[in-house]
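# Chain and residue survey
Chain residues, written in single-letter form:
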Number of protein chains: 2
Amino acid sequence: MNGAPPLGRIRVVLCQPSHPGNIGAAARAMKTMGLGRLYLVKPKSFPDPEAQARASGAGDLLEGAVVCASLAEALADTVFVAGMSARRRDLSAPFCWAREGAQRLLDNAAQGEVALVFGNESAGLSNEELALCHLAVTILANPDYSSLNLGAAVQIMCYELRLAVLVAGPLAVAEAMPAPGAEVEALLAHLERAALASGFLDPSQPKRLMLRLRRLFARSRLEREEVSILRGLLTSFEKQKFRRKT
Amino acid sequence: MNGAPPLGRIRVVLCQPSHPGNIGAAARAMKTMGLGRLYLVKPKSFPDPEAQARASGAGDLLEGAVVCASLAEALADTVFVAGMSARRRDLSAPFCWAREGAQRLLDNAAQGEVALVFGNESAGLSNEELALCHLAVTILANPDYSSLNLGAAVQIMCYELRLAVLVAGPLAVAEAMPAPGAEVEALLAHLERAALASGFLDPSQPKRLMLRLRRLFARSRLEREEVSILRGLLTSFEKQKFRRKT
């Protein structure tokens, strides 16, 4: 599963991952966002049952993972490389935040293969590794505790990539059938009759109560079925015999 | 560490988490983004060494976690609740994507405590749990494999919250005082009593009606004064003598 273009042109490269569980988590994170191409540079243990377990339903990405002896090998056929960096460094590539980084990757995917590179869990990317990147990308995090788990960092970046591809405009959502104005009016009239009959509404000062209820219903954007339920309830209240002790 | 306002007003609630490792991962994800308040509803195992291990440097969030017997208890003092949902459902709250959901949480944090609720790893939030939410939030994912790990979902939402704070647009316009969750619950209980007493609600099949009403009120974001009006009206209906000809 390589994902639809342009996501299909983006590979995720994990450099020297120490914990096989994180490889599995990264695979799962990628697949949930429609990315499918995983590269592993000198993984400490791979394949590994822990990676399989954490990958959950993304085992196919592990099976298709490309294991490389060096980062340069993993990047050989790419036209653009972004490397993750938790902090600014003197020797790093130009820097941007995650959202812009995702956009830059996509822009460059129009021209060929691109890579998103993550460093080792403890050490991050070395200066030598980052020197192979065209862009250093940082996830904006809590300055007092910026220690993102590797799988979590992969998840955020893949999420940003998917959004960058798919956010073409606001997504319309089909809602339930709204009640026409006349039905809401009839409900309000019914409510007013019931409130008068019960003595709750003082006919000498009726306005504010009905205005409040009207405002509430307008804001609620009542559905037809809800109007029907509320009117049934009111009818039931109107018809009830007095059953309680006062 | 509660995080600076408004992040300090946002609690993350995990409903019935099955795997203690995910609790730890959620705590770590929260802390990396500056959130500090974790609530656990009926966790299968907590505290647990696996949670500690996965929390890494966020053990303080586990120590400060509030364990609750029900979701309602975890939400009692909140004015706004967003619940994660992997899919659209007939009876769900209004729906939006993660980025807008984060913005809505922040907007509402201007008025009081707000909650972001995650369901069980396998089952997600039940319809009953989602009915306690004002908004259902979905992370845009691969339709062929949308199975985000719980910790990964927490990571994405906390990331969006942090970004929303830091790229903060204009602050929300002050609205009327929203009713706290406990007052809305009391209104629903009152309504249920009245509906039972009037015979409208069939005790042998009570669930759907109350779920519909709960959903309507959640969507309406009831104000305190409105709750007060509705309860007054109900009391008046309950006490009324039978005044009409049948």
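Counting from 1, residues in each chain are numbered in the order their sequence is written. Chains carry letters from A onward and ligands carry numbers from 1 onward, assigned in written order. Local features are withheld for residues below a pLDDT of 70 in this predicted model, meaning they are given only at 70 or higher, and side-chain atom pairs are given and counted only at 80 or more; totals for whole chains, interfaces and linings count all residues. Hydrogens and waters are ignored; side-chain quantities use all the structure's heavy atoms.

### Points about the overall build of chain A
- Only DSSP runs of H or I covering at least 4 residues are called helices, and only runs of E covering at least 2 are called strands; the numbering of each starts at the N terminus. When you go through chain A residue by residue, the secondary structure sums to ten helices and seven strands.
- In chain A, which comprises 246 residues, the proportion classed as buried is 52%.
- Whether two residues are in contact is decided by their heavy atoms, any of which lying within 4.5 Å being enough. Sequence-distant contacts in chain A: of pairs separated by 6 or more residues, those separated by 24 or more amount to 85%.
- For chain A, the accessible area works out to roughly 11,400 Å², and carbon and sulfur atoms hold 54% of it. When a residue's accessible area, from a 1.4 Å probe over protein chains only, is under 20% of the maximum for its type it is buried; when over 50% it is exposed; and in between it is partly exposed. Computed with the Shrake-Rupley method and a 1.4 Å probe, the accessible areas treat only the protein chains shown as cover for residues.

### Observations regarding the interface of chain A and chain B
- The interface is formed by 71 residues belonging to chain A together with 70 residues belonging to chain B.
- Once two parts are joined, some of their accessible surface, as seen by a 1.4 Å probe, is lost; buried area is that loss totalled over both. Each partner contributes to the roughly 6,200 Å² buried at the junction of chain A and chain B, and carbon and sulfur atoms together form 57% of this total.
- Summed over the three residues of chain A that lose the most area to chain B, namely Tyr 145, Arg 212 and Phe 237 of chain A, the buried surface amounts to 11% of that side.
- Definition used for salt bridges: Asp or Glu carboxyl oxygen within 4 Å of a side-chain nitrogen of Lys or Arg. For the interface between chain A and chain B, the tally reads nine salt bridges.
- Two residues, Arg 212 of chain B and Glu 223 of chain A, come together in a salt bridge whose shortest N-O distance is 3.2 Å.
- Pairs of N or O atoms are called polar contacts if they sit within 3.5 Å, as long as, within protein, a hydrogen donor faces a hydrogen acceptor (for residues adjacent in sequence, only side-chain-to-side-chain pairs). In this structure, the connection of chain A to chain B is made through 23 residue pairs in polar contact (both at pLDDT 80 or more).

### Regarding the environment of Asn 22 of chain A
All names here are of chain A.
- Tracing the sequence through the fold places Asn 22 in helix α1 (residues 20-32).
- Between the C-alpha atom of Asn 22 and that of Gly 64, which follows or precedes it by 42 residues, the distance is 16 Å.
- With near-sequence residues (within four places) excluded, Asn 22 lies in contact with Arg 54, Glu 121, Asn 149 and Leu 150.

### Observations concerning the packing of aromatic side chains
- Here is the rule: rings of Phe, Tyr and Trp (six-membered ring for Trp) pair when centre to centre is within 6.5 Å. Planes less than 30 degrees apart are stacked, more than 60 are edge-to-face, and the remainder are tilted. Under the criterion given, the structure shown has three aromatic pairs over all chains.
- With 5.2 Å between their ring centres and 75 degrees between their planes, Phe 95 of chain A and Trp 97 of chain A make a pair best called edge-to-face.
- Residue Phe 95 of chain A is classed as partly exposed on the basis of its relative accessible area, which comes to 30%.
- Judged by relative accessible area, which is 42%, Trp 97 of chain A ranks as partly exposed.
- With centroids separated by 5.2 Å and ring planes inclined at 35 degrees, the aromatic side chains of Phe 237 of chain A and Phe 237 of chain B adopt a geometry described as tilted. Here Phe 237 of chain A, found in helix α10 (residues 224-239), pairs with Phe 237 of chain B, found in helix α10 (residues 224-239), and the two come from separate chains. One exposure class covers both Phe 237 of chain A and Phe 237 of chain B, and it is buried.
- Two thresholds decide whether a charge sits over a ring: the Lys NZ or Arg CZ must be within 6 Å of the ring centre and within 35 degrees of the ring normal. Looking at Lys 31 of chain B, its charged tip hangs above the ring of Tyr 145 of chain A, at a distance of 5.0 Å from the centre.

### Some words on the confidence of the model for chain A
All names here are of chain A.
- Each residue carries a pLDDT value, the predictor's own confidence for that position, ranging from 0 to 100. Of the residues in chain A, 89% have a pLDDT of 70 or more, and the chain-wide mean is 86.
- Taken as a whole, residues 168-175 scores under 50 in pLDDT and shows six contacts with residues more than four places along the chain or in a different chain.
- Taken as a whole, residues 242-246 scores under 50 in pLDDT and shows ten contacts with residues more than four places along the chain or in a different chain.
- This prediction of the complex comes with two scores: 0.75 for pTM and 0.73 for ipTM.

### A closer look at the side chain of Glu 226 of chain A
- Tracing the sequence through the fold places Glu 226 of chain A in helix α10.
- Note on Glu 226 of chain A: relative accessible area 2%, which makes it buried.
- A polar atom in the side chain of Glu 226 of chain A sits 3.0 Å from the backbone nitrogen of Glu 223 of chain A.
- Each residue touching Glu 226 of chain A, except ones within four places of it in the same chain, is listed here: Arg 212, Arg 215, Leu 216 and Arg 219 of chain B.

### With respect to unusual backbone geometry
- In this model, Phe 46 of chain A is joined to Pro 47 of chain A through a cis peptide bond whose omega is -5 degrees.
- With respect to the helices and strands, Pro 47 of chain A occurs in the loop between β2 (37-41) and α2 (49-55).
- A positive phi is found at Gln 16 of chain B, a non-glycine position, where the angle reads about 45 degrees.
- Secondary-structure assignment places Gln 16 of chain B in the loop between β1 (10-15) and α1 (20-32).
- On the basis of relative accessibility, which here comes to 36%, the residue Gln 16 of chain B falls in the partly exposed class.
- Residues other than glycine seldom take positive phi values, yet Lys 42 of chain B does so here, at roughly 45 degrees.
- Locating Lys 42 of chain B in the fold gives a position in the loop between β2 (37-41) and α2 (49-55).

### Looking at the sheet that holds strand β5 (residues 95-97) of chain A
Residues and elements named next belong to chain A.
- Only strands that DSSP links by at least two bridges are regarded as paired with each other. In spatial order, the strands read β3-β2-β1-β6-β4-β7-β5; together these seven strands make up an open sheet with parallel pairing. With partners counted over all chains shown, the strands left at the sheet margins are β3 (66-68) and β5, one partner each. Averaged over all neighbouring strand pairs, the angle between strand axes comes to 25 degrees, with direction disregarded.
- Strand direction decides the pairing type here: strand β4 (residues 80-84) and strand β7 (residues 135-138), joined by three bridges, are parallel. Paired with Ala 82 across the strands is Leu 135, a residue of β7.
- Here the axes come from fitting lines to C-alpha atoms, over the contacting stretch only for helices, and the angles between their N-to-C directions go from 0 to 180 degrees. With respect to the sheet, α1 is in contact with β1 (10-15) and β2, its orientation differing from that of β2 by roughly 155 degrees.
- Along the sheet, helix α7 (residues 150-166) contacts β1, β4, β6 (114-118) and β7; its crossing angle with β6, the most-contacted strand, is approximately 150 degrees.

### Some words on the pairing of strand β6 (residues 114-118) of chain B
- With five of five residues buried, β6 of chain B lies mostly within the body of the structure.
- Going residue by residue along β6 of chain B, you find Val 114, Leu 116 and Phe 118 of chain B tucked away on one face and Ala 115 and Val 117 of chain B tucked away on the opposite face as well.

### Some remarks on the sheet that holds strand β7 (residues 135-138) of chain B
Residue and element names in this part refer to chain B.
- With respect to topology, seven strands assemble into an open sheet ordered β3-β2-β1-β6-β4-β7-β5, the strand pairing being parallel. Pairing within the sheet leaves two strands with one partner each, and these edge strands are β3 (66-68) and β5 (95-97). Each neighbouring strand pair of the sheet contributes to a mean axis angle of 25 degrees, computed without reference to strand direction.
- By the bridge criterion, three bridges tie β2 to β3 in an arrangement that is parallel. Its bridge partner being in β3, Val 41 is matched across the sheet by Cys 68.
- Where α1 meets the sheet, it contacts β1 and β2, and its direction lies at approximately 155 degrees from that of β2.
- Each of β1, β4 (80-84), β5, β6 and β7 is contacted by helix α5 (residues 98-109), which is oriented at about 110 degrees to β5, the strand it contacts most.

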